[in-house]
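Single-letter residue listing:
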Amino acid sequence: MSLFPRYRVCLSLFAALFLLTPVTAAERPLKYQTDIQPIFETKCLACHGCYDAPCQLKLEAPEGLDRGATKNKVYNGVRTESVPPTRLFEDAFTTAQWRDKGFFSVIDSTQGMESSLLYNMLELGREQRFADNEKLPDDMVLGLKRINSCPTPAEFDDYADKHPMGGMPLAVSGLTDQEFATVREWLKQGAPLSYQTFSLSEDEQRQILAWEKMLNQQDKRHQLVARWLYEHLFLAHLYFGNDSDSKPDHFFKLYRSSTPPGEPVKPVDSVRPNDLPPEHFWYRLAPVRGSLVHKTHITFALNDKKLARTREQFFAGDWEVEKLPGYSYEQQANPFLTFADIPARARYQFMLDEAEYFVRTFIRGPVCRGQVATDVIRDQFWAVFQDPDHDLYITDANYRAKVSGLLGLPGQEDNLLSLGPQWLKYSENRNEYLNARHQAYGEKDPQGPTWESLWDGDGENRNALLTIFRHHDNASVRKGLIGDLPLTTWVMDYPLFERSYYNLVVNFNVFGSVSHQAQTRLYFDLIRNGAEQNTLRYFPRELRTPVVENWYQNTGKLRLYVSYASVDTKHSHRHPVPDPYPGE
């Protein structure tokens, strides 16, 4: 009996086992998108995303890794002057441009892979292993107030000596052996970067064409509406579809581009969305690049239904634009004057339709760590909205003309010397407006507002009732009235809603000076107080002052006497107060 068949069986088994054995990282070229980016997403991106990424090392896209790190801080509450912005995908586009802005590489090395900053930081992190559920050492500094060192590659040895537990990922379990080996081999192969590509569906291309066509028409009405829409959607992650739980194929951002439709998008260089653009530009939609990060992922649905409703809201009426507004200081500071030609009802209803989105933008964006804003709001409160038919700014042209000039926002002048004069000017204007509002509504509704004055979502829109939760320097927004009865509730009319958005989103510059940030924070405090005063109109007038004094205790009372307009105790209300102890 021949032995060769047995050998053939053994050889066949060996060949099958060889084919089924996974190829190790060292035996094949590694690809950034499939091999490296998933590791960064699971182990690094929670910290290294958005503006608060340590050392501005952003790892949601290969462009961020290629850009590298810098010693310059985004969040700096003491800088006396604004600094040039360093937004990924917007303020520089090549490695050389980022090097000119003070960024240094974390992956390049003239002495081999072991000298790259990324490798050394990961290796240092592996030298300090922590057991599961073990308490971290007391001398390991964590928290938002932690001072990041941001060493260059040449400074790493000194950093490691001073911070032996400062390896990456910081204070967590770190990379597995396999993950570390993969990154190490990728660096050994020269750290090749591959960039994200997009294949848009026919429906996505069709909808892009439809929206860009509407936004880029050249008559004055369309130009003014397109500007207003851009300033309200520039922060959104837009998607084509319905408001459902299914994830769309792609998300998009709206840009002002120096290139027309059909050509690659080239964003216009500007700090704010209402900065002066070049003479020729186009509104363009382009896919969002990189991993989606919760801090910046604020979504807004675009579809055929939304496009039809937008056209109906803004263009169904008979209104004209004699002259397009410019981008001067006054026109940036006061959107009520800038967009006065657009019917106020159209503007307000567009925002009401997507109220959760707009509240989310100024609760969560454009900053990623919002303590400057969130420390003036409570841990849980409700937000409701005035019905357009009961909002005097919408229904009364004389009232609108009287108060629009008082609704400007501070923060355009950001030098230290402007802080005091700007605050006095805009706080006085705001208090004058609030007094005018008390008087106008008191004359219109001497018996006080009815429940019908609150927007009910037209019977079907769940954006009518919102709950805001705050945890230290972060806050979130949910549809519906959630939780126990809060201490306070915001009643927002159009002037309050629009000012909140422009104060905290459009006109806010995260790279701004301490003067700019202080003006923004102080004015938002007035906005919050205005929303609370609107709520007090639904209280019996004899209870308004005691309620406010309960809200503002100890040093908080100083603001009642120094900053805020007086509570309206003259005009009545319609709602009987139930006896909390019936039958006693």
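A short tour of the structure in this document, coming up. (Residues numbered from 1 in each chain as written. Predicted model: local features only at pLDDT ≥ 70, side-chain atom pairs only at ≥ 80, totals over all residues. Heavy atoms only, no water.)

1. Observations regarding the state of the cysteines
At step 1: A full pass over the atoms with the stated rule returns 1 disulfide.
At step 2: The disulfide bridge from C55 ends at C150, spanning 2.1 Å between sulfur atoms. Between C55 and C150, the disulfide has an S-S torsion of -95 degrees and is therefore left-handed. In this pair, C55 sits in the loop between helix 2 (32-43) and helix 3 (62-67) while C150 sits in the loop between helix 5 (117-127) and helix 6 (156-162), placing the two residues 95 residues apart along the sequence. Accessibility assignment for this pair places C55 and C150 in one class, buried.
At step 3: Counting only cysteine sulfurs, C47 is the nearest neighbor of C44, a cysteine outside any disulfide, at a range of 8.8 Å.
At step 4: Overall, C44 belongs to the buried group, its relative accessible area being 12%.
At step 5: Classification of C47 by relative accessible area gives partly exposed; the value is 49%. (Disulfide = S-S within 2.5 Å. Helix = DSSP H or I, 4+ residues; strand = E, 2+ residues; numbered from the N terminus. Buried < 20%, exposed > 50% of the residue type's maximum accessible area, 1.4 Å probe, protein only.)

2. Considering the packing of aromatic side chains
At step 1: Across all of its chains, the model carries 31 aromatic pairs by this definition.
At step 2: Measuring from centroid to centroid gives 5.7 Å for F336 and Y494, while their planes differ by 75 degrees, and the two rings are edge-to-face. A residue pair is termed long-range when its members are at least 10 positions apart, and F336 in helix 12 (residues 335-338) and Y494 in helix 19 (residues 494-506) qualify at 158 residues. In terms of burial, F336 and Y494 fall into one category: buried.
At step 3: Seen from their ring centres, W451 and Y538 are 5.5 Å apart, and the 10 degrees between their planes marks the pair as stacked. A residue pair is termed long-range when its members are at least 10 positions apart, and W451 in the loop between helix 18 (419-444) and strand 6 (466-471) and Y538 in the loop between helix 20 (514-536) and helix 21 (541-551) qualify at 87 residues. (Phe/Tyr/Trp six-rings, centres within 6.5 Å; stacked < 30°, edge-to-face > 60°.)

3. Some remarks on the pattern of salt bridges
At step 1: Enumeration according to the criterion identifies 24 salt bridges in this entry.
At step 2: Put simply, E179 and K43 hold a salt bridge, and the shortest N to O gap is 2.7 Å. Here K43 lies in helix 2 and E179 lies in helix 7 (residues 177-188), a separation of 136 residues in the sequence.
At step 3: One network of salt bridges, in which partners are shared, links R87, E90 and D91. (Salt bridge = Lys/Arg side-chain N within 4 Å of Asp/Glu carboxyl O.)

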